[in-house]
2 protein chains.
Amino acid sequence: MVAPKKPGPPGLSGASELFQLLRDGRPRTRAELADTTGLARSTIGLRLDALLELGLIRPIGEGASSGGRPPSQFALDPAARVVVGADLGATHATIAVADLSGAILLTHREALAIADGPERVLTWVVDETRSLLVEAGRSSADLLAVGVGLPGPVEHDTGRPVNPPIMPGWDGFDVPGWIFDALGVPALVDNDVNIMAIGEQSRSFPEVSDLLFVKVATGIGSGIISGGLLQRGAQGSAGDIGHVRIERGKGVACDCGNFGCLEAMASGPAIARQLRAEGADVETMSDVIELVRRNDLRAIRAVRQAGRDIGEVLTTCVSLVNPSVIVLGGSVTRAGEHLLAGVREVVYQSSTPLATEHLSIVQSRTAENAAVIGACILALQYALSPQAIERMSAR
Amino acid sequence: MVAPKKPGPPGLSGASELFQLLRDGRPRTRAELADTTGLARSTIGLRLDALLELGLIRPIGEGASSGGRPPSQFALDPAARVVVGADLGATHATIAVADLSGAILLTHREALAIADGPERVLTWVVDETRSLLVEAGRSSADLLAVGVGLPGPVEHDTGRPVNPPIMPGWDGFDVPGWIFDALGVPALVDNDVNIMAIGEQSRSFPEVSDLLFVKVATGIGSGIISGGLLQRGAQGSAGDIGHVRIERGKGVACDCGNFGCLEAMASGPAIARQLRAEGADVETMSDVIELVRRNDLRAIRAVRQAGRDIGEVLTTCVSLVNPSVIVLGGSVTRAGEHLLAGVREVVYQSSTPLATEHLSIVQSRTAENAAVIGACILALQYALSPQAIERMSAR
DNA sequence: CGACTTGTGTCGAATATCAAACAAAAGTCG
DNA sequence: CGACTTTTGTTTGATATTCGACACAAGTCG
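As recorded in an unreviewed UniProt entry, chain A goes by the name ROK family protein, listed as coming from Lacisediminihabitans profunda. A UniProt comment under Sequence similarities (unreviewed entry) is attached to chain A, and it reads "Belongs to the ROK (NagC/XylR) family."

Caption draft 1: Structural detail: the overall build of chain A. Across its full length, chain A carries 14 helices and 15 strands. The principal-axis extents of the C-alpha atoms in chain A amount to approximately 75 × 50 × 40 Å. Looking at chain A residue by residue over its 395 residues, the buried ones come to 51%. The contacts of chain A with a sequence gap of at least 6 include a subset with a gap of at least 24, amounting to 62%.

Caption draft 2: Spotlight on the interface of chain A and chain B. Of the residues lining the interface, 42 residues belong to chain A; the matching set on chain B comes to 42 residues. Looking at the side of chain A that touches chain B, the elements with two or more residues in it are strand 13 (229-231), helix 10 (297-321) and helix 12 (353-356) of chain A. Sort the elements by how many residues they give to the side of chain A that touches chain B and helix 10 of chain A lands first, with 7 residues. Taken together, the residues of the side of chain A that touches chain B sort by class into 18 nonpolar, 20 polar and 4 charged.

Caption draft 3: Representation of the environment of S267 of chain B in the model. Residues and elements named next belong to chain B. Mapping S267 onto the fold places it in the loop between helix 7 (262-266) and helix 8 (268-277). In this structure S267 comes out as buried when scored by C-beta crowding, with 28 C-beta atoms within 10 Å. Residues S267 and L22, spaced 245 residues apart in sequence, show a C-alpha to C-alpha distance of 42 Å. Not counting residues within four places of it along the chain, the set of residues in contact with S267 comprises V216, T218, G219 and I220.

Caption draft 4: Layout of the packing of helix 8 of chain B against helix 10 (residues 297-321) of chain B. Residue and element names in this part refer to chain B. Put simply, helix 8 and helix 10 touch, their axes get as near as 10 Å, and they point 140° apart. Considered as vectors, helix 8 and helix 10 are oriented oblique to each other. The handedness of the crossing between helix 8 and helix 10 comes out as right-handed. Between helix 8 and helix 10, the contacting residues are I271, Q274 and L275 on the first element and R298, A299, A302, V303 and A306 on the second. The class makeup of the residues in the contact of helix 8 with helix 10 is 6 nonpolar, 1 polar and 1 charged.

Caption draft 5: Quick peek at the sheet that holds strand 3 (residues 72-76) of chain B. Residues and elements named next belong to chain B. Sheet architecture is open: 3 strands sit in the order 1-3-2, paired in antiparallel fashion. Every interior strand has two partners, whereas the edge strands, strand 1 (28-29) and strand 2 (57-62), have only one. Relative to strand 3, strand 1 runs antiparallel, the two being bridged by 2 bridges. Bridge pairing in strand 3 places T29 opposite Q73.

Caption draft 6: Structural context of the sheet that holds strand 7 (residues 143-150) of chain A. Residues and elements named next belong to chain A. Ordered by their spatial adjacency, 5 strands build an open sheet running 6-5-4-7-10, and the pairing between neighbours is mixed. With partners counted over all chains shown, the strands left at the sheet margins are strand 6 (104-111) and strand 10 (187-191), one partner each. The average undirected angle you get between the axes of adjacent strands in this sheet is 15°. In terms of strand pairing, strand 5 (residues 92-99) meets strand 6 through 7 bridges, oriented antiparallel. Paired with T94 across the bridge in strand 6 is R109. Relative to the sheet, helix 13 (residues 370-383) contacts strand 4 (82-88), strand 5, strand 6, strand 7 and strand 10, its axis offset from that of strand 4 by approximately 135°.

Caption draft 7: Inspection of the relation of the copies chain A and chain B at higher detail. With an RMSD of 0.1 Å, chain A superimposes on chain B once it is rotated by 180° and translated 0.1 Å along the axis. Taken together, the rotation and translation describe the operation of a two-fold axis. Counting the interface residues of chain A, we find that 100% of their copies in chain B are interface residues as well, pointing to one common contact surface.

Caption draft 8: Just the domain arrangement of chain A, in detail. Residues and elements named next belong to chain A. Entries for chain A in the domain assignment read domain 1 (16-76), domain 2 (82-185 + 371-394) and domain 3 (205-364). Inter-centroid distance (C-alpha atoms) of domain 1 to domain 2 is 32 Å. Among the secondary structure elements, those contributing two or more residues to the side of domain 1 that touches domain 2 are helix 1 (16-22) and helix 3 (41-54). If you tally residues by element for the side of domain 1 that touches domain 2, the top one is helix 1, at 4 residues. Considering only residue class, the side of domain 1 that touches domain 2 consists of 4 nonpolar, 3 polar and 2 charged.

Caption draft 9: View of the nonpolar core. Counting residues in each nonpolar core, the largest one holds 238 residues, and the members touching the most others are V83, I271, V288 and A379 of chain A together with V83, V288 and A379 of chain B. In terms of residues, this core owes the most to one element, helix 10 of chain B, which gives 12 residues. Setting aside chain neighbours within four positions, we find V83 of chain B in contact with A98, L143, L144, A145, V146, G147, C376, A379, L380 and A383 of chain B.

Caption draft 10: Representation of helix 9 (residues 285-293) of chain A within the structure. Residue and element names in this part refer to chain A. All of the buried residues in helix 9 are M285, V288, I289, L291 and V292. Across the axial projection of helix 9, the buried residues extend over an arc of 160°, all falling on one side. Among the structural elements, helix 8 (268-277), helix 10 and helix 11 (337-350) are those in contact with the buried residues of helix 9. Count one or two residues on from helix 9 and you reach N295, which has phi positive near 60°.

Caption draft 11: Geometry of unusual backbone geometry. If you check the backbone angles, N163 of chain A has positive phi at about 45° while not being a glycine. In this structure N163 of chain A comes out as partly exposed when scored by C-beta crowding, with 15 C-beta atoms within 10 Å.

Caption draft 12: Representation of helix 8 of chain B in the model. All names here are of chain B. Taken as a whole, helix 8 has its buried residues at G268, A270, I271, A272, Q274 and L275. Buried-residue contacts for helix 8 involve helix 7, helix 9 (285-293) and helix 10. Backbone geometry just after helix 8 places G279 at a positive phi near 100°.

Caption draft 13: Just the environment of S202 of chain B, in detail. Residue and element names in this part refer to chain B. The residue S202 is located in helix 6 (residues 192-204) in this model. Classification of S202 by C-beta neighbours within 10 Å gives buried; the count is 20. Separated by 124 residues in sequence, S202 and P78 have C-alpha atoms that sit 16 Å apart. Each residue touching S202, except ones within four places of it in the same chain, is listed here: G102, I373 and I377.

Caption draft 14: Inspection of the environment of D116 of chain A at higher detail. Relative to the assigned elements, D116 of chain A resides in the loop between strand 6 and helix 4 (118-135). As for D116 of chain A and S331 of chain A, which are separated by 215 residues in sequence, their C-alpha atoms are 23 Å apart.

Caption draft 15: Representation of the confidence of the model for chain A. Summarising the model, chain A shows a mean pLDDT of 89, and 94% of its residues fall at 70 or more. Counting interchain partners and residues more than four positions distant, the pLDDT-below-50 stretch residues 1-13 of chain A has 11 contacts.

Cut-offs applied
Residues numbered from 1 in each chain as written. Chains lettered and ligands numbered in written order. Predicted model: local features only at pLDDT ≥ 70, side-chain atom pairs only at ≥ 80, totals over all residues. UniProt positions renumbered as here; feature names shortened; annotations may be inferred. Helix = DSSP H or I, 4+ residues; strand = E, 2+ residues; numbered from the N terminus. Buried ≥ 20, exposed ≤ 12 C-beta atoms within 10 Å, placed from the backbone. Contact = placed C-beta atoms within 7 Å. Nonpolar A, V, L, I, M, F, W, Y, C, P; charged D, E, K, R; others polar. Axes fitted to C-alpha atoms, helices over the stretch in contact; angles between N-to-C directions. Parallel < 35°, antiparallel > 145°, perpendicular 65-115°, else oblique. Left-handed = near helix turned anticlockwise from the far one by under 90°. Pairing = 2+ DSSP bridges. Least-squares fit on C-alpha atoms with pLDDT ≥ 70 in both. Domains from an automatic or database assignment. Core = buried A, V, L, I, M, F, W, Y, C linked by C-beta atoms within 7 Å. Arc of directions from axis to C-beta. pLDDT = per-residue confidence, 0-100.

Spelled out as structure tokens, the structure:
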């Protein structure tokens, strides 16, 4: 069906719908836009004027002529506004300014303990936001929204942490409210693994709509993107695979109070502990990675076994959510391909052919940046939504 | 925010948006509708006229007067049109006519082998549809859409089965195309477990947006509703938990060619097989259920163990999708509470507190009807979608 | 029983979109 | 080098839709 002559209904609210088409940054001519939207060329002209007025789009030279007058093209102006994304980890925090295309303009990373409590940590976020904006030569009026990733469960709708184990003082804290009071822009808050999933998907797999991101670091968690949407679950704790029991874990105690959790066997600290028990001189995961780099067989074996353990859980995940890509990220993945090899070994062997036929399991390509990128994308998703654009143009 | 004076943008295309509000069947007054949509009362009047014209809604007496003229109320007219839902199992088929509220008007169940191939089975569907319509006193013009559930993986977007193991001749068959040619209405096709999940959610848990439906019968599968949406995954095989390995299954061969699958240990045939091996005189799952009803300890123990096995897998599922309800259905659940008890035992013990705090695990209340109901709901979801209403009113 | 309150239908005004006509730009061809 | 072609960009009147206000209807309350 090519639009059956669209008779009666006038059309859509404002310029927001047109803008959604241009969000991808690809330049388009007016004719193209009229064609895809079904609107009259004249209407397109008016809408484009409104968007140009707002500064959200800009003319991009001319297109190729096909025998007549060459068309002028328009595209999202990435530099029109900015968003800020903050990844607040247990001991370190990263903050970044991104343009409307999601490209990171500036980053800043610093030691900062989440346990210092929301006021101090968020004050740092606000201060850094202000100074990054100055550094980027932007006024605070250019800031559209802030995305925040926290190392614990978050109720995304309200932006409040829910019983976070390692974030004393944060339980139920109104993060968006606090940030709005300080910066005057909305804040979107989510679990750190979820924003990494968003970051990885937007940066490395924009065409993939079913992706599972697994973070293996001090803890183990995952973010699920299914049908193009991040899945959060009833309490926002979807993807929490760290405390699933695995076979090999029998009898091993986990910090959570249970026994045999994946996290107690395959997380960074767990791998280090196991190697220590075997007599290796390792303190942290960094030491383990160092050993692996030096081709220490014992360390390689331990990492690979951790991969198998994770694979055991991922096998069920693959059957359940049927993703087309699994991305492994987190500090432990810096130990080279060994973790990945362990995961693949188990997943490809155990899962059903239908689910694994088109499944690829890869290492995170964005590495440490996945989280901040995801935080920025989260902010952008909100700030460039039809409703938000509508509000901007209604002003 | 209570709608900040909606200044410029005119509004929406047609009456379809108003209709979405009325889909729930609750009667509403014009004032209520104007209030929730933000449209002018006069506009509401016009829209209602259009919907009344189409026959989709009807006036429902008067509301309570609050001191002045009593308002007239309008609600969805469930009897305006009908949909048909068909649940095609391995050996039996059920078909039903439902009104727009999703209430089943007529049902018909018959022995029918899916292995007879698509032409014969779908011919039966079409013939039964026609005769049920006659029996219900409806013309075929009243039929809006058909929903179909099939016992195997289906690519929902195209309605074609994908490598179904027990459906010879169906691979890649264009089910919606065939039905459209015969009946002139669109058909929506999905996996049987998925439609059971939809049916259960719509009938028993309309307020729950994160629900996991687990069918335990000849096979074991699940349907995931997350964020109110059915999750289908990259290839449409999401929820396929039958071939996840469980601990107890070590060494037990499964039909799928692998070892230790959940289905090989906890499905109906598997339970019967295990009891036979212990010397019990059981042939089918029905025999097992009979034994359980007579309080045979061995049978009860077997069923409960199956519950534990399923629970082992569901523990991971709970961590992954964080549902607020798990519903158990399928023939094996007719063995009373024992299966449920086994599932609960394991899930509540192993999962993280955050995920289980608000989790209830219950037995299917719609029993055998979940599937046909789901098929009807699937058809309704399509037939009452804004686009479909738009098309109806554009005619 | 009358004043008041609340809901319903109609009408003109404002707005927005459409379609088509019109003007402009740039390349092609003789 | 100029006329033609092709496509783009803009303007204009027609159409449709929504809004707000007003008049009327149908109850309640004193």
